[in-house]
Amino acid sequence: MRNFTNVHDIGDLRTAVAEALEVKANRFGYKNLGENKTLLMLFFNSSLRTRLSTQKAAMNLGMNVMVLDVNQGAWKLETERGVIMDGDKPEHLLEAIPVMGCYCDVIGVRSFARFESKADDYEEKIINQFIRYSGRPVFSMEAATRHPLQSFADLITIEEYKTVERPKVVMTWAPHPKALPQAVPNSFAEWMNAAGYDFVITHPHGYELAPEFVGNAKVEYDQDKALEGADFVYAKNWSAYMDPNYGKVISTDRSWTVTAEKMALTNNAYFMHCLPVRRNMIVSDDVIEGPRSLVIPEAANREISAQVVLKRILEGLQK
Amino acid sequence: MRNFTNVHDIGDLRTAVAEALEVKANRFGYKNLGENKTLLMLFFNSSLRTRLSTQKAAMNLGMNVMVLDVNQGAWKLETERGVIMDGDKPEHLLEAIPVMGCYCDVIGVRSFARFESKADDYEEKIINQFIRYSGRPVFSMEAATRHPLQSFADLITIEEYKTVERPKVVMTWAPHPKALPQAVPNSFAEWMNAAGYDFVITHPHGYELAPEFVGNAKVEYDQDKALEGADFVYAKNWSAYMDPNYGKVISTDRSWTVTAEKMALTNNAYFMHCLPVRRNMIVSDDVIEGPRSLVIPEAANREISAQVVLKRILEGLQK
Amino acid sequence: MRNFTNVHDIGDLRTAVAEALEVKANRFGYKNLGENKTLLMLFFNSSLRTRLSTQKAAMNLGMNVMVLDVNQGAWKLETERGVIMDGDKPEHLLEAIPVMGCYCDVIGVRSFARFESKADDYEEKIINQFIRYSGRPVFSMEAATRHPLQSFADLITIEEYKTVERPKVVMTWAPHPKALPQAVPNSFAEWMNAAGYDFVITHPHGYELAPEFVGNAKVEYDQDKALEGADFVYAKNWSAYMDPNYGKVISTDRSWTVTAEKMALTNNAYFMHCLPVRRNMIVSDDVIEGPRSLVIPEAANREISAQVVLKRILEGLQK
């Protein structure tokens, strides 16, 4: 594997999950792979889980890790040619990115949607520039439209807990006070579709995701109906994708909060969320603390998904 | 040892000091202990000495280290159940803490007294939440009421320099322009009492420490009298503990500054301070630079106290 | 080697370049040297290339690395004796620096010219205090008047690409909107003079560098004339050194920008710049992207120059 930005990069999902479970049982079994290899983790946005789990995964593999925090928006890179750079952008990406590539073997990049230009966000302008100009394998630590390390961890978790071959997985929108990117729901949909589960998306009108991510999922506007018979409930807020509301909060309807009453409609479903989660907006205390909540095992699998991705990239470097 | 927050966690002090001196003579002799073990250092407050010395100690033991800086107050965790989290707190501690525990083997926490609620501070609400919810051994890198890695380093230093079995140790308040926590003096008192030294505390009226920390120490309001015959003078500022002045500066009386004249009252005492120190407020230039000043050896022992604590926690993980 | 702040510390340049090329071919061949050794990197100013390349070099040598960012100006150290420290400076350098030395084996310091006092800047007050008080070998990661790791990397690059024994190297001033230190041009001049190249400096009137750095270089105020026959063109902005304009921008004349027309005057010269570079102020897009641009190989050699310096310091510690 060279780069990792979406579900297609990981190849066959059964193989990937099997590898994940093997890595999970033997985290330090591949320390030679990372010897004398350096991971550069570059954060354009703040991070807790991704930072710690990815660094841990790299260290499990024997890698050296360098972390670079780029203050949100403070490090402005010029991207155009021909500009007289006498303003607030001190560096051009055509120098900055290859130079970072000089000092490491693998680059992880976090760069959220900025909601300034839907086209820029959905073309994944930033991470694609790293892929194009860094000269190194690049993986996403959440980009503008996808969060594949999260989705891979979600998949591993579902595979660990499912009791039927093809479970019913319901991703439900839930309210949140701030405008959040669509990266997590987009990515989760992409992976669930690829996994071939019985996958349903439910949200209020106006919160439709981009068609390329919805794929063959069933979209159901009635949350109660969507939840019927669910084996896994994946809650998440996102802001609107559809124009003219791109990046906006158009509802904070708390009737969408996942409560015990809602969970009672399911097939005794497990509850999932990528965290951080706002309690009693997204989900009630009793559901997230209850015996069917998988939020902590799901977070713990972030180390595993990152380790599989790094392991495959390192194996790719050996060829 | 599972957790380390106070003097009782370290057990017999003679044994602990003996182990410290052995570690000091052979810092890299225990590198196998930390192999494949990861320390997460979490700072809710800024740090220089504690950050560097603890990281160094962990690396001496062969551990991997991850450092997480939480901007002062910027990362607000909800702590109550039932709250509709639509405000400025994006995450509940019941998710945040166990997740951090997923990615490491040992957690160090720095979280100062906030002076907002004396009860919250003295119940050590924050570090106790990490002990309760992280699933990992937790040690204090200075909490609301104690700074045990500092006190342990102080004890090691006194044991290295003392010439009588039971030296007279005097902890004296000294002036400072800002309101400082009581963690260092509380903790020092706790360790000196446990060590069984001839221990005297001196401060202006109104600066009485909590009785559980004063213990059997002699409290003397006349600084000159307190200093008579002292073998070690430990200077420190703290803000008032007693209500209604909790967390307030009620005196900046510079007659309490430790000067050569004051030191002349002692038994040619050594001078100690945990640093950082404000010169000519806490202590005069000539005393801190003089041949009896132990501030640098004392700081150097921070690496040793941290290494003993981490070593014991790692040994505990092996059982 | 004990400390590294200027060209004289590295000794014979032929030997140093030969060692650099050997290290470049065998980066991980000296991992035993750094075992159980810790590098403390201390940044008073922000850094991208220096941070990553120096950390990478230290890890190549098997060292542990600790990075300490001191917010620009936020950590104010008192430097005078006798001051009653009741203001905004919480610590005296006479405590702070030796304590940092306690927890590491080697210290790298970045501290730019502050343009508050030319005497303070040109006496290298800050890095010299580290050399004097830390008790450890100290190297410059760019100080007030020199950036020797950059100049050493520049030298290695020229040696790799030169086709004649004694190439003509031209350092040209170029415009920039901000007031930049003289550290890079001073240092480059120092190293080029030491290398014995045919070295020419060109800049507008008023941008004369300090005579001790200009040395025997030819100073030519006509840029076109300077560029004639050049084998290497090294572009850089700097602010005025000469009083009363010390630290000021006195020209932003864009006729000094290095363009294809300018490069046509040379002997098909290579283009060099230390980065970050403002395009179309310092250099045109076509020149920096062209086949004779060495900016990326030059940046890559930062890892090598840092590794040679650290290797020699580590060898010095073994004696």
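Before any of the text, the structure's been laid out above.
Now for a description of the structure that goes with this document. Note that the coordinates shown come from a computational prediction; the quantities given were computed from them, not determined experimentally. Here, residues in each chain are numbered from 1, in the same order as that chain's written sequence. Working convention: letters from A go to chains and numbers from 1 go to ligands, in the order in which they are written. For this predicted model, a pLDDT threshold of at least 70 governs which residues receive local features, and a threshold of 80 or more governs which side-chain atom pairs are given and counted, while totals over whole chains, interfaces and linings are taken from all residues. Hydrogens are left out, water is left out, and the side-chain values use all remaining heavy atoms of the structure.

## Some thoughts on the pairing of strand E7 (residues 168-173) of chain A
All names here are of chain A. As a reminder of what qualifies: Each residue's exposure class comes from its accessible area (1.4 Å probe, protein chains only) as a fraction of the maximum for that residue type: buried when under 20%, exposed when over 50%, partly exposed otherwise. Going along the chain from the N terminus, every DSSP run of H or I of four or more residues is numbered as a helix, and every run of E of two or more is numbered as a strand. By this definition, two strands are paired if DSSP reports at least two bridges between them. By definition, the crossover connecting two strands over a helix is right-handed if that path, from the first strand to the second, turns clockwise as seen with the strands pointing away from the viewer.
Most of E7 sits inside the fold, with 6 of its 6 residues counted as buried. Burial of the side chains of E7 extends over both faces: Lys168, Val170 and Thr172 are buried on one face and Val169, Met171 and Trp173 on the other. Across 5 bridges, the pairing between E7 and strand E8 (residues 198-202) is parallel. By the bridge assignment, Met171 is partnered in E8 with Ile201. For the segment spanning E7, helix H7 (residues 183-195) and E8, crossover handedness is right-handed. Sheet analysis places E7 next to strand E10 (residues 232-236), joined by 5 bridges and oriented parallel. Across the sheet, residue Trp173 finds its bridge partner in E10, namely Lys236.

## Considerations on the pattern of salt bridges
This is how it is decided: Salt bridges are identified by distance alone: a Lys or Arg side-chain nitrogen within 4 Å of an Asp or Glu carboxyl oxygen.
The final tally for this structure, using the stated rule, is 58 salt bridges over all chains. Between Arg14(A) and Glu165(A) there is a salt bridge, and its shortest N-O distance comes to 3.3 Å. Taken together, the residues span a long stretch of sequence, with Arg14(A) in helix H1 (residues 13-25) and Glu165(A) in the loop between helix H6 (148-161) and E7 at a distance of 151 residues. Of the two residues, Arg14(A) and Glu165(A), both sit in the exposed class. For Asp120(C), the salt bridge is made with Lys125(C), and the minimal N-O distance between the two is 3.8 Å. Take Lys125(C): its relative accessible area is 34%, and that puts it in the partly exposed class. A single salt-bridge network, built from bridges that share partners, covers Arg81(A), Glu95(A), Arg279(C), Asp285(C) and Glu289(C).

## Overview of the relation of the copies chain B and chain C
Threshold: In superposing the copies, a least-squares fit is computed on C-alpha atoms, taking residues whose pLDDT is at least 70 in both.
When chain B is fitted to chain C, the best match, at an RMSD of 0.0 Å, comes from turning it 120 degrees and sliding it 0.0 Å along the axis. Put plainly, the chains are arranged around a three-fold axis.

## What to know about the sheet that holds strand E9 (residues 218-220) of chain B
All names here are of chain B. Convention followed: Fitted lines through C-alpha atoms serve as axes, helices being fitted only where they are in contact, and the angles separating the N-to-C directions of these axes extend from 0 to 180 degrees.
The 5 strands are arranged E9-E8-E7-E10-E11 in an open sheet whose pairing can be described as parallel. Since the sheet does not close on itself, it has two edges, and those belong to E9 and strand E11 (270-272), each with one partner. In this sheet, adjacent strand axes meet at a mean angle of 25 degrees when their direction is disregarded.

## What to know about the interface of chain B and chain A
Stated precisely, the cut-off is as follows: The contact rule is simple, with two residues in contact once any of their heavy atoms fall within 4.5 Å. Put simply, buried area is how much 1.4 Å-probe accessible surface two parts lose in total, over both of them, once they are put together. N or O atoms within 3.5 Å of each other form a polar contact, as long as, within protein, one can give a hydrogen and the other can take it, and as long as residues adjacent in sequence are counted only when both atoms are side-chain atoms. The residue classification treats Ala, Val, Leu, Ile, Met, Phe, Trp, Tyr, Cys and Pro as nonpolar and Asp, Glu, Lys and Arg as charged. All others, Gly included, are polar.
Residue-level contacts link 28 residues of chain B with 29 residues of chain A. Taking both partners together, chain B and chain A bury about 2,500 Å²; carbon and sulfur atoms supply 60% of that area. When residues of chain B are sorted by the area they lose upon contact with chain A, Asn36(B), Glu95(B) and Tyr103(B) head the list and together hold 27% of the total. Viewed at the interface, chain A and chain B are joined by 3 salt bridges. Between Glu95(B) and Arg279(A) there is a salt bridge; the shortest N-O distance is 2.8 Å. Here chain B is connected to chain A by 10 residue pairs in polar contact (both at pLDDT 80 or more). Those elements giving two or more residues to the side of chain B that touches chain A turn out to be strand E1 (38-43), strand E2 (64-69), strand E4 (91-92) and helix H3 (93-102) of chain B. Residue contributions to the side of chain B that touches chain A peak at 6 residues, all from H3(B). Classifying every residue of the side of chain B that touches chain A by side-chain character gives 15 nonpolar, 6 polar and 7 charged.

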